[in-house]
Number of protein chains: 2
Amino acid sequence: MKKYIDVYNHYKELIETGQYKNGDKMPSVRKSTEILSVSKTTVQNAYFELQADGYIISQPQSGYYVTYSAKADLTDRKHKNEKAKIKYDLKSGDADSESFDLSLWQRYIKSALRQKERLLSYGDAMGEKDLREALSVYIREKRNVVASPDRIVVGAGVQALLSILCRLTKDRKTVSFPTDNFVQGISLFESNGYEVHTRYKDAEIVYVSPSHMTSYGDVMPIKRRLELIEYSKKNRSMIIEDDFDSDFLYQSKPTPALYALSDGGNVVYMGSFSNVLIPGIRISFMVLTEELARRFAMTKDCFAQTASKTEQIALCGYIRDGHIARQTRKIRRHYTAKTKIMFDEIKRQIPDAKAGISENGLAIKLTAQYFGAAEDFEKHGVLVYIYSIDNNTINMALIPSAIEAEDISMAVNEIKQILSTKKRTMV
Amino acid sequence: MKKYIDVYNHYKELIETGQYKNGDKMPSVRKSTEILSVSKTTVQNAYFELQADGYIISQPQSGYYVTYSAKADLTDRKHKNEKAKIKYDLKSGDADSESFDLSLWQRYIKSALRQKERLLSYGDAMGEKDLREALSVYIREKRNVVASPDRIVVGAGVQALLSILCRLTKDRKTVSFPTDNFVQGISLFESNGYEVHTRYKDAEIVYVSPSHMTSYGDVMPIKRRLELIEYSKKNRSMIIEDDFDSDFLYQSKPTPALYALSDGGNVVYMGSFSNVLIPGIRISFMVLTEELARRFAMTKDCFAQTASKTEQIALCGYIRDGHIARQTRKIRRHYTAKTKIMFDEIKRQIPDAKAGISENGLAIKLTAQYFGAAEDFEKHGVLVYIYSIDNNTINMALIPSAIEAEDISMAVNEIKQILSTKKRTMV
């Protein structure tokens, strides 16, 4: 298919088998073109790959020379094999190909790239002003989160925003996370000198993700939300509300955001677009409290914007024109339908297992008899989130978002095969 | 021009003058369309802006209501006035409109957006593999920095990379910066618990920017580079080499990178593309030492990628096809020519001043007699970098990159006027 791969493999073999030795001069691009009867571009691409993989090196004004490193080759090959093994990804929460209209997004990107003037300067550390205005309207309408644009900060993902936040809240020393799973947040706060706890209600900062409490997709009920607000007010603690996956609450009505319930309480609200658009587009935002917004404004020079300016401009138009709302409805239908298909397939193919759909509609909780080992799933190319294997019983979460609808039946069949392992392969 | 602005101003005035009061219902979009004889879209856009600026709020299924906040309005108006004042930006180092072929970049972005499969998954915390391969080749050819792709980490700007780095080097406690100007780096290390010094040669981590040591664009000579490496080896300290602006060394031959000179020493090399492309595109990278690369690989789950995936894919193609090298040559010619024009204009218009072109060719050092205050420049809409005002003498750096060539003469004239202030406006 790609002919340059053939050229690459041809020379790779010559080098690996020692016919071309370390220090040998490679045939010139023109010469290779003649020998192998391929185009100049094909040879150039192949040489480029060989160079990137450490087989050859270019010497300006002279040509290419062999620099073979056996070790680098092995590492690379191992990596490639590992990658090839995954057949069904029921763990990552990645998107499938139908979930997003990329050509529509492309139109907004093109239009953003026409705004040359704006791209000539460094981005605002807070985020583009018009995007923050659009976000201000969007979160007010969607989640009743009322905040002026000058309290909204944009960044490339939740970790980038937490990185700003934990520099603004240096008067606090302890932070609590619901579990120890969220290593990106935990390691960041630890590095910034915070004492990190899990489920410690007296912590000075409490991070919660009320619409996605576990990989099972559990949602924090309103009663618990009100208690948390009450307690944090009494305790003068700050809540970081990561409203991740709130868009997917389809079984229940969406539960109000802590921010909206707290009515001027000490809540920092965070939202993200990676799950509504596609993971490849990383724009998140947070709503600071008035006090933190003041601190940010005073120390603005200390922070650099991480989110792509082009994508910020594109997202602003995309939101204003109502596409986010439409896209949210679309993927909610799309993903929850896939979860339902998988649920039905499990009922049909593995009737003995106990299965249930998560509250956010994105995951299936599965409990089944199992005599195998956790590793067996990966060995069979199936990625799942395993909670526990005890007394020959496995508890796991399956998130079908990344696989196509027509592959669900086969994926369930593969899981059925793995679960039916009779003898233990490892204790 | 933009009719929705007229509609916006119309209602804004009615609200600000109290003819529409807090809580009043706004005319429906349809009704406004009739009253003002404009299109529905125009009214919708105007309402959107009014909403974003906090004048009105939408109530689903009901309509728009006035929510006028005098305070928010004042802040916003003040902000707009401040922005409007800048006439000549000789400080930011932003790009001008001729510096970059945006339509070429647009082609690479479009091609990246066609790679749908890749955009469906979250990005690699290290950066896209093919981009890291292209970078590996690029820095070897350009700066003799030899490193395999698995030691290269991509991120959205130098601060994002330093944020990773200071979490990987927790065994070190002191860091040194050349001056206290680089607040983004300093505040980050401080927040992560490091003792921060300036010009402390016994620090365990030494950050340097050898091709851009000051806003004057001074370059570290090779002798000093070798001494630094020698000292850091003896001291077992780690050097962070931010190779910022190395592309612009036109007066001298480019000085070799510390990384290349150190020959396996403890140097982390950092590079960036914002200055070669345009500031709106934020992709930087660093080359970790083998030890740090091992640590990163082990704790990879703790880090999230910040750089845009689309832009990473686009940049990879852009580098492979040789455009970075071409673009570097182009802007080097372009910017240094502008500096020369400004230098000649200063000689002509302000013959009494002492002027010199910086080593990197991007800035002009200007020393002149001055009886005014630092603030006077900003008041006249001229942004410059002022080093000192002592004994009626001003020392400053002028960076003409952001202004168009044809405006240089007028900018110099404006500076001449400011410098000729006879009486002190402030002591």
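Structure: see above.
Predicted model only: the values in this text are computed from it and were never measured.

A. Quick peek at the environment of Ser272(B). All names here are of chain B. When you line up the elements, Ser-272 lands in strand E9 (residues 267–272). Separated by 155 residues in sequence, Ser-272 and Glu-117 place their C-alpha atoms 27 Å apart. Excluding residues that lie within four positions of it along the chain, Ser-272 makes contacts with Ile-283, Ser-284 and Phe-285.

B. Seen up close, the interface of chain A and chain B. Contact with chain A, which involves 65 residues of that partner, is made by 66 residues of chain B. Interface of chain A and chain B: buried area, both sides summed, is about 5,900 Å²; carbon and sulfur atoms make up 54% of it. When residues of chain A are sorted by the area they lose upon contact with chain B, Phe48(A), Leu120(A) and Tyr122(A) head the list and together hold 12% of the total. Glu49(A) is the salt-bridge partner of Arg320(B), the closest N and O atoms lying 3.3 Å from each other. For the pair chain A and chain B, the interface holds 31 residue pairs in polar contact (both at pLDDT 80 or more).

C. The environment of Ile389(A), seen in detail. Residue and element names in this part refer to chain A. By the secondary structure assignment, Ile-389 is in strand E14 (residues 385–390). The class for Ile-389 is partly exposed, based on a relative accessible area of 31%. Linking Ile-389 and Ser-262, residues 127 residues apart in sequence, is a C-alpha distance of 40 Å. Those residues in contact with Ile-389 that lie beyond four places of it in its chain are Tyr-370, Gly-372, Ala-373, Ala-374 and Ile-394.

D. Representation of the side chain of Gln51(B). Here Gln51(B) is to be found in helix H3 (residues 40–52). Sequence-distant contacts of Gln51(B), defined by excluding residues within four places in its chain, comprise Val137(A), Arg140(A), Glu141(A), Ile56(B), Ile57(B), Ser58(B) and Tyr64(B).

E. Molecular detail of the pattern of salt bridges. Taken as a whole and judged by the stated rule, the model has 35 salt bridges over all chains. With its nearest N and O atoms 3.3 Å apart, the salt bridge here joins Lys87(B) to Glu414(B). Residue Lys87(B) is found in the loop between helix H4 (70–84) and strand E3 (88–89), and its partner Glu414(B) is found in helix H16 (residues 408–419); the two are separated by 327 residues along the sequence. Through salt bridges with shared partners, a single ionic network connects Glu49(A), Lys129(B), Glu133(B) and Arg320(B).

F. Expanded view of the relation of the copies chain A and chain B. Once chain A is rotated about the relating axis by 180° and shifted along it by 0.1 Å, it coincides with chain B to within an RMSD of 0.1 Å. This pairing of chains is accounted for by a two-fold axis. Of every C-alpha in chain A, the one belonging to Asn192(A) sits nearest the axis of rotation, 2.1 Å from it.

G. Looking closely at the packing of helix H2 (residues 29–36) of chain A against helix H3 (residues 40–52) of chain A. Residues and elements named next belong to chain A. The geometry of H2 relative to H3 is characterised by a closest axis approach of 9 Å and an angle of 115° between their N-to-C directions. Classified by the angle their axes make, H2 and H3 are roughly perpendicular. Here H2 runs over H3; the crossing is right-handed. For the pair formed by H2 and H3, the contact residues are Val-29, Ser-32 and Thr-33 on the first element and Lys-40, Val-43, Gln-44 and Tyr-47 on the second. Of the residues contributing to the contact of H2 with H3, the split by class is three nonpolar, three polar and one charged.

H. Focus on the environment of Ala203(B). Residues and elements named next belong to chain B. Structurally, Ala-203 is set in the loop between strand E6 (195–198) and strand E7 (205–208). For the pair Ala-203 and Lys-340, spaced 137 residues apart in sequence, the C-alpha to C-alpha distance is 39 Å. Sequence-distant contacts of Ala-203, that is, excluding residues within four places in its chain, are made with Thr-174, Val-175, Ser-176 and Ser-237.

I. Structural view of the sheet that holds strand E12 (residues 364–369) of chain B. All names here are of chain B. Strand order in the open sheet made by the four strands is E11-E12-E15-E14, with antiparallel pairing throughout. The open sheet is flanked by strand E11 (354–357) and strand E14 (385–390), the only strands paired with a single partner. Taken pair by pair, the neighbouring strands of this sheet meet at an average axis angle of 10°, ignoring direction. Bridging between E14 and strand E15 (residues 393–398) involves five bridges; their strand directions are antiparallel.

J. Structural view of helix H12 (residues 290–298) of chain B. All names here are of chain B. Among all positions of H12, only Leu-292, Ala-293 and Phe-296 are buried. One side of H12 holds all its buried residues, which, seen down the axis, span an arc of 100°. Opposite its buried face, H12 presents the exposed residues Glu-290, Ala-297 and Met-298, each directed more than 90 degrees away. In this fold, the buried residues of H12 make contact with strand E4 (152–155), helix H8 (158–168), strand E8 (238–242) and E9.

Conventions used here
- Residues numbered from 1 in each chain as written.
- Chains lettered and ligands numbered in written order.
- Predicted model: local features only at pLDDT ≥ 70, side-chain atom pairs only at ≥ 80, totals over all residues.
- Heavy atoms only, no water.
- Helix = DSSP H or I, 4+ residues; strand = E, 2+ residues; numbered from the N terminus.
- Contact = heavy atoms within 4.5 Å.
- Buried area = accessible area lost by both parts, 1.4 Å probe.
- Salt bridge = Lys/Arg side-chain N within 4 Å of Asp/Glu carboxyl O.
- Polar contact = N/O pair within 3.5 Å; in protein donor to acceptor, adjacent residues only side chain to side chain.
- Buried < 20%, exposed > 50% of the residue type's maximum accessible area, 1.4 Å probe, protein only.
- Least-squares fit on C-alpha atoms with pLDDT ≥ 70 in both.
- Axes fitted to C-alpha atoms, helices over the stretch in contact; angles between N-to-C directions.
- Parallel < 35°, antiparallel > 145°, perpendicular 65-115°, else oblique.
- Left-handed = near helix turned anticlockwise from the far one by under 90°.
- Nonpolar A, V, L, I, M, F, W, Y, C, P; charged D, E, K, R; others polar.
- Pairing = 2+ DSSP bridges.
- Arc of directions from axis to C-beta.

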